Amino acid sequence: MKVKIYQIYYDAMSKSHIDPHCIAFDNSSPPRENEFEYGVMRRLYSGSNFVDADLYGVLSWKFFQKFGVQPSSVASCLGSQQDVDVVICNPYPQSVFFDNVWRQGERYHPGMIDVAKEIFELAGISTSMIDLEMRETESYCNYWLANDRFLDLYFSFSERVYASIYRNKHLMEPMFEGVQDRYIQAPWFPFIFERLFSTVLTAYRPAFKVLKVKKFG
């Protein structure tokens, strides 16, 4: 199984943490500010970069810090796997106290569920997807790998969410300028988008073979 992993950096410090066996992606001058990992993912997807491997991943430079091993080590372990569609690397397994990534988000980013449901409604996506139980698909920080079949499904939802945000001016400030986390200076956008993975996978779980990789350290 061939695995292709991009790892994002944006300055000299973050670049120094890139796994040399991954593809370094310079995000120091993004076309649109504060889109974080999703902005990179959609640029790669729209640029037809996911065409020559079995599994693809777009990870932050903090992967080793949060997960305990380098991304290439995860990729090596997958070499002998067959027929895996999605690989979950959940950096926060203590979140099993929550049965849903949105309810976990509501705990740490109050108001998230109402914001997400408004965006889903504007995007023409059923808000019932936000209420599903997600214990078996829980993941954060966009630490996941997937094949092109799942990526096509994922982007069919995520791009509708993306478009609905940019079409509605009242969402722009909280999505890109507010501070919605106690530890980092980040607005709603990354926290909304990192939860779309578990949401989409849960809704279509029977259609995909999923492998969960245990956190190290």
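Higher on the page you've got the structure.
Residues numbered from 1 in each chain as written. Predicted model: local features only at pLDDT ≥ 70, side-chain atom pairs only at ≥ 80, totals over all residues. Heavy atoms only, no water.

J.: So what's going on with the overall build of the protein? Residues and values would help.
T.: Broken down by element type, the protein carries 10 helices and 6 strands. In terms of C-alpha radius of gyration, the protein reaches 16 Å, essentially the compact-globule figure of 17 Å for 217 residues. In terms of its C-alpha atoms, the protein occupies a principal-axis envelope of roughly 45 × 40 × 35 Å. The buried share of the protein, reckoned over its 217 residues, is 51%. At a minimum sequence separation of 6, the contacts of the protein that also span at least 24 residues come to 73%. Considering the protein, the positive charge centre built from 23 side chains and the negative charge centre built from 26 side chains are found 2 Å apart. (Helix = DSSP H or I, 4+ residues; strand = E, 2+ residues; numbered from the N terminus. Rg over C-alpha atoms; globule rule 2.2 N^0.38 Å. Buried < 20%, exposed > 50% of the residue type's maximum accessible area, 1.4 Å probe, protein only. Contact = heavy atoms within 4.5 Å. Lys, Arg positive; Asp, Glu negative; His and termini not counted. Charge placed at Lys NZ, Arg CZ, Asp CG, Glu CD.)

J.: Would you mind going over the pairing of strand 1 (residues 3-9) in detail, with residue names and values included?
T.: Sheet faces and side chains relate simply in a regular strand, where the side chains alternate between the two faces. In terms of burial, strand 1 is a largely internal element, 7 of the 7 residues being buried. Where burial is concerned, the two faces of strand 1 agree: the one with Val3, Ile5, Gln7 and Tyr9 and the one with Lys4, Tyr6 and Ile8 are both buried. Across 6 bridges, strand 1 lies against strand 3 (residues 55-60) in parallel orientation. Bridge assignment links Lys4 to a residue of strand 3, and that residue is Tyr56. Of the pairings in the sheet, the one linking strand 1 to strand 2 (residues 23-26) comprises 4 bridges and is parallel in character. (Pairing = 2+ DSSP bridges.)

J.: Any details on the packing of aromatic side chains? Residues and values, ideally.
T.: Applying the stated criterion across every chain yields a total of 27 aromatic pairs. Ring geometry for Tyr45 versus Phe155: centroids 4.1 Å apart, planes at 10°, classification stacked. On the criterion of sequence distance, the pair formed by Tyr45 in helix 2 (residues 36-46) and Phe155 in helix 7 (residues 148-167) is long-range, its members being 110 residues apart. Residue Phe155 is classed as buried on the basis of its relative accessible area, which comes to 3%. (Phe/Tyr/Trp six-rings, centres within 6.5 Å; stacked < 30°, edge-to-face > 60°.)

J.: Explain the pattern of salt bridges to me, and be specific about the residues and the numbers.
T.: Side chains carrying opposite charge are able to pair once their charged atoms draw close together. Here the structure, examined in full by the defined rule, presents 7 salt bridges. Its salt-bridge partner being Asp131, residue Lys117 comes within 3.3 Å of it at the nearest N-O pair. A residue pair is termed long-range when its members are at least 10 positions apart, and Lys117 in helix 6 (residues 112-123) and Asp131 in the loop between helix 6 and strand 5 (144-146) qualify at 14 residues. On the accessibility criterion, Lys117 (24% relative accessible area) is partly exposed. (Salt bridge = Lys/Arg side-chain N within 4 Å of Asp/Glu carboxyl O.)

J.: How would you summarise the layout of surface pockets if you had to cite specific residues and measurements?
T.: There is about 190 Å³ of room inside the second largest pocket. In this structure, the second largest pocket is lined by 12 residues; those nearest its centre are Asn90, Pro93, Glu138, Lys212 and Val213. Residue composition of the lining of the second largest pocket, by class: 4 nonpolar, 2 polar and 6 charged. (1 Å grid on protein atoms, 1.4 Å probe; cavity = no way out; pocket = protein on both sides within 12 Å on 5 of 7 lines; lining within 4 Å. Points joined across faces, edges and corners; volume = space filled by probe spheres on them. Nonpolar A, V, L, I, M, F, W, Y, C, P; charged D, E, K, R; others polar.)

J.: Please set out the sheet that holds strand 5 residue by residue, giving values where relevant.
T.: Whether parallel or antiparallel, the strands of a sheet pair through hydrogen bonds between backbone atoms. One open sheet holds the 6 strands; their spatial order is 2-1-3-5-4-6, and the pairing between them is mixed. At either margin of the open sheet sits one strand with a lone partner, and together these are strand 2 and strand 6 (210-212). Averaged over all pairs of adjacent strands, the angle between strand axes in this sheet comes to 20°, irrespective of strand direction. Most of the contacts of helix 2 go to strand 3, to which it runs at about 145°, and overall it touches strand 1, strand 2, strand 3 and strand 5. Each of strand 4 (86-88), strand 5 and strand 6 touches helix 10 (residues 196-203); the most contacted strand, strand 4, lies at about 130° to it. (Axes fitted to C-alpha atoms, helices over the stretch in contact; angles between N-to-C directions.)

J.: Report on the packing of helix 7 against helix 8 (residues 169-176), specifying residues and quantitative values.
T.: It is the contact of helix 7 with helix 8, at a shortest axis distance of 6 Å, that shows an interaxial angle of 110°. Considering the angle they form, helix 7 stands roughly perpendicular to helix 8. For the pair helix 7 and helix 8, the contacting residues are Ser164, Ile165, Tyr166 and Arg167 in the first and Lys169, Leu171, Met172, Met175 and Phe176 in the second. Tallied by class, the residues present in the contact of helix 7 with helix 8 amount to 6 nonpolar, 1 polar and 2 charged. (Parallel < 35°, antiparallel > 145°, perpendicular 65-115°, else oblique.)

J.: Break down the state of the cysteines for me, citing the residues and quoting the values.
T.: Taken as a whole, this structure holds 0 disulfides when the rule is applied. With no disulfide of its own, Cys22 lies 11 Å from the sulfur of Cys89, the closest cysteine sulfur. The cysteine Cys89 is free of any disulfide, with Cys77 supplying the nearest cysteine sulfur at 9.8 Å. On the accessibility criterion, Cys89 (2% relative accessible area) is buried. (Disulfide = S-S within 2.5 Å.)

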